[in-house]
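Listed below are the residues making up each chain.
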Amino acid sequence: MHELAGRTALVTGGGSGIGARIAALLATQGARVAVADLDATAAERIATGLPGPAGTHLGIRADVAAEDDVVAMVQALHEADMRPDLLINNAATCSDLAYEELPLTTWRRDLDVSLTGAFLTTRHLSADLRRSGGSVVNIASVNAVRSFGNEAYSAAKAGLVSLTQGLAVRWASSRVRVNAVLPGTIRTPIWDERLSRDPDVLVRAARMYPLGRIGEPEDVAQAVAFLVSDRAAWITGVALPVDGGLLAVGSTAFASDIEEIR
Ligand SMILES: NC(=O)c1ccc[n+]([C@@H]2O[C@H](COP(=O)([O-])OP(=O)(O)OC[C@H]3O[C@@H](n4cnc5c(N)ncnc54)[C@H](O)[C@@H]3O)[C@@H](O)[C@H]2O)c1
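Remember, it's a predicted structure, so these values are computed and weren't measured experimentally. (Residues numbered from 1 in each chain as written. Predicted model: local features only at pLDDT ≥ 70, side-chain atom pairs only at ≥ 80, totals over all residues. Heavy atoms only, no water.)

K.L.:
Provide a residue-level description of the pattern of salt bridges, including the pertinent values.
P.N.:
What the rule picks out here adds up to 14 salt bridges. The salt bridge partner of Asp69 is Arg61, with a shortest N-O separation of 2.5 Å. For Arg61, a relative accessible area of 43% gives the class partly exposed. Put simply, Arg7, Asp85 and Asp230 are held in one network by salt bridges that share partners. (Salt bridge = Lys/Arg side-chain N within 4 Å of Asp/Glu carboxyl O. Buried < 20%, exposed > 50% of the residue type's maximum accessible area, 1.4 Å probe, protein only.)

K.L.:
Could you give me a rundown of the site of the ligand, with the residues and numbers involved?
P.N.:
Taken together, 29 residues sit near the ligand, with Ser16, Asp37, Asn90, Tyr153 and Thr188 positioned nearest. A distance of 2.7 Å is found between an oxygen atom of the ligand and a side-chain nitrogen or oxygen belonging to Ser16. Take Asp37: an N or O atom from its side chain is 2.6 Å from an oxygen atom of the ligand. Of all the secondary-structure elements, those providing two or more residues to the shell around the ligand are helix H1 (17-28), helix H4 (104-124) and helix H6 (151-170). Of the residues contributing to the shell around the ligand, the split by class is 15 nonpolar, 10 polar and 4 charged. (Near = heavy atom within 4 Å. Polar contact = N/O pair within 3.5 Å; in protein donor to acceptor, adjacent residues only side chain to side chain. Helix = DSSP H or I, 4+ residues; strand = E, 2+ residues; numbered from the N terminus. Nonpolar A, V, L, I, M, F, W, Y, C, P; charged D, E, K, R; others polar.)

K.L.:
Can you tell me about the pairing of strand E1 (residues 8-12), naming the residues and giving the values?
P.N.:
On a regular strand, each side chain points to the face opposite its neighbour's, so the side chains alternate between the two faces of the sheet. For E1, a buried count of 5 out of 5 residues is recorded, marking the element as mostly surrounded by other parts of the structure. Residues of E1 alternate between two faces, with Thr8, Leu10 and Thr12 on one and Ala9 and Val11 on the opposite face, all of them buried. Pairing between E1 and strand E2 (residues 32-37): 5 bridges, direction parallel. Counterpart to Ala9 in the pairing with E2 is Val33. Taken together, E1, H1 and E2 constitute a β-α-β crossover, and its handedness is right-handed. Relative to strand E4 (residues 86-89), E1 is paired through 3 bridges, and the arrangement is parallel. When the sheet's bridge partners are listed, Leu10 is paired in E4 with Leu87. (Pairing = 2+ DSSP bridges. Right-handed = clockwise from strand over helix to strand, strands pointing away.)

K.L.:
Could you give an account of the nonpolar core, with specific residues and numbers?
P.N.:
Within soluble globular proteins, side chains that are nonpolar tend to cluster in buried spots. If you look at the biggest cluster of nonpolar residues, it comprises 32 residues, and the most contacted ones within it are Ile22, Leu26, Val33, Ile88, Val181 and Val224. For this core, the elements supplying multiple residues, two or more each, are E1, H1, E2, helix H2 (40-48), E4, strand E5 (135-139) and helix H9 (217-228). The element best represented in this core is H1, accounting for 8 residues. Apart from residues lying up to four places away in sequence, Val181 is in contact with Val137, Asn138, Ile139, Ala140, Ser141, Val220, Ala223, Val224, Leu227, Leu240 and Val242. Grouped together as the second largest cluster of nonpolar side chains are 20 residues, Met82, Leu125, Leu167 and Ala168 included. (Core = buried A, V, L, I, M, F, W, Y, C linked by side-chain atoms within 4.5 Å. Contact = heavy atoms within 4.5 Å.)

K.L.:
Could you give me a rundown of the packing of H4 against H6, with the residues and numbers involved?
P.N.:
Two numbers describe how H4 lies on H6: the axes approach to 7 Å, and their chain directions differ by 15°. Viewed along their axes, H4 and H6 adopt a mutual orientation that is roughly parallel. The chirality of how H4 crosses H6 is right-handed. Along the contact surface, H4 presents Trp107, Asp110, Leu111, Ser114, Leu115, Ala118, Phe119 and Thr122, while H6 presents Glu151, Ala152, Tyr153, Ala155, Ala156, Gly159, Leu160, Leu163 and Leu167. The residue inventory of the contact of H4 with H6, partitioned by class, reads 12 nonpolar, 3 polar and 2 charged. (Axes fitted to C-alpha atoms, helices over the stretch in contact; angles between N-to-C directions. Parallel < 35°, antiparallel > 145°, perpendicular 65-115°, else oblique. Left-handed = near helix turned anticlockwise from the far one by under 90°.)

K.L.:
Which residues make up the side chain of Thr122, and what values do they have?
P.N.:
One can find Thr122 in helix H4. Classification of Thr122 by relative accessible area gives buried; the value is 3%. Side chain to side chain, Thr122 and Asn89 meet in a polar contact 3.1 Å long. If near-sequence neighbours (up to four positions away) are discounted, Thr122 is found in contact with Leu87, Asn89, Leu129, Leu167 and Trp171.

K.L.:
So what's going on with the environment of Ala47? Residues and values would help.
P.N.:
Structurally, Ala47 is set in helix H2. Residue classification places Ala47 among the buried residues on the basis of a relative accessible area of 6%.

K.L.:
Mind laying out unusual backbone geometry, listing which residues take part and the relevant values?
P.N.:
Of note in this structure, Asp81 is not a glycine but carries a positive phi near 60°. One can find Asp81 in the loop between helix H3 (67-79) and E4. By relative accessible area, Asp81 is classed as exposed at 62%. For Asn150, which is not glycine, the phi dihedral falls at a positive 50°. By secondary structure assignment, the location of Asn150 is in the loop between E5 and H6.

K.L.:
How would you sum up H2? Please name residues and give values.
P.N.:
Residue pairs spaced three or four apart in an α-helix point in one direction, given the helix's 3.6 residues per turn. The complete set of buried residues in H2 reads Ala42, Ala43, Ile46 and Ala47. Looking straight down H2, one finds its buried side chains confined to an arc of 125°; they lie on one side. Turned more than 90 degrees away from the buried face of H2 sit Thr41, Arg45 and Thr48, all of them exposed. Considering only its buried residues, H2 is in contact with H1, E2 and strand E3 (58-61). (Arc of directions from axis to C-beta.)

Pasting the structure below:
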């Protein structure tokens, strides 16, 4: 199925994990894809591996938290004759410090990447998106709507849901749809540092999920591919959990407690 033929997508943080899988699925469905990442080598490697004739896709180094980088990224896209009508704001950082020990610089970095990065990218692509009646998907988190720790990251993700709703209404008359997905725990390299200290963390996390497992990047990519497609033509401003039922659990039970109430 090539339902995204003729579309051009930008995936930020596309050099790893969920973003890399989204880039692959959108390319499989016919889109030209630009993969932007802080890690230039990763962006290039993922873009080069996407299906399609050589030169179809583009890997770009960009720190989405830095306005100069975002401006240069948009310029590089235009020079490559890419005017994105699909934007996936996926880049994020998640500090793992206790709130009481969280330095201001770390708080600011989580907000700068995960929230301001989406603002900057969306802002500097607004002409392209609005000209083409495009579609934006912001990768938020279940942390946007419930307390699961990581307060800086969670506040950034809550802000991203608010930005999603604001832009959905603001740009509806330009036929730009703006949605968010709220992933639960997904097996990606973002967990590597935590796994090195706590090897069982994802096994314990799986017990929190009514569907009995944590998610895979494919679970999120499929939701994104649906939301950007014409099948979702009348869906805008939503925050879609992709979370194995986690947010549907109707109690304050957490972690292994959930097994006791099933
Ligand atoms: N993995 C999970 O459990 C989980 C759960 C909920 C939400 N999410 C969200 O999914 C998205 C992807 O996460 P992931 O698990 O694939 O992480 P990941 O660490 O595998 O990938 C994130 C990518 O973003 C890039 N990046 C970081 N800072 C950047 C910056 N300033 N500019 C550009 N690129 C930058 C990294 O280099 C990396 O390639 C994030 O928004 C994350 O918050 C992940």
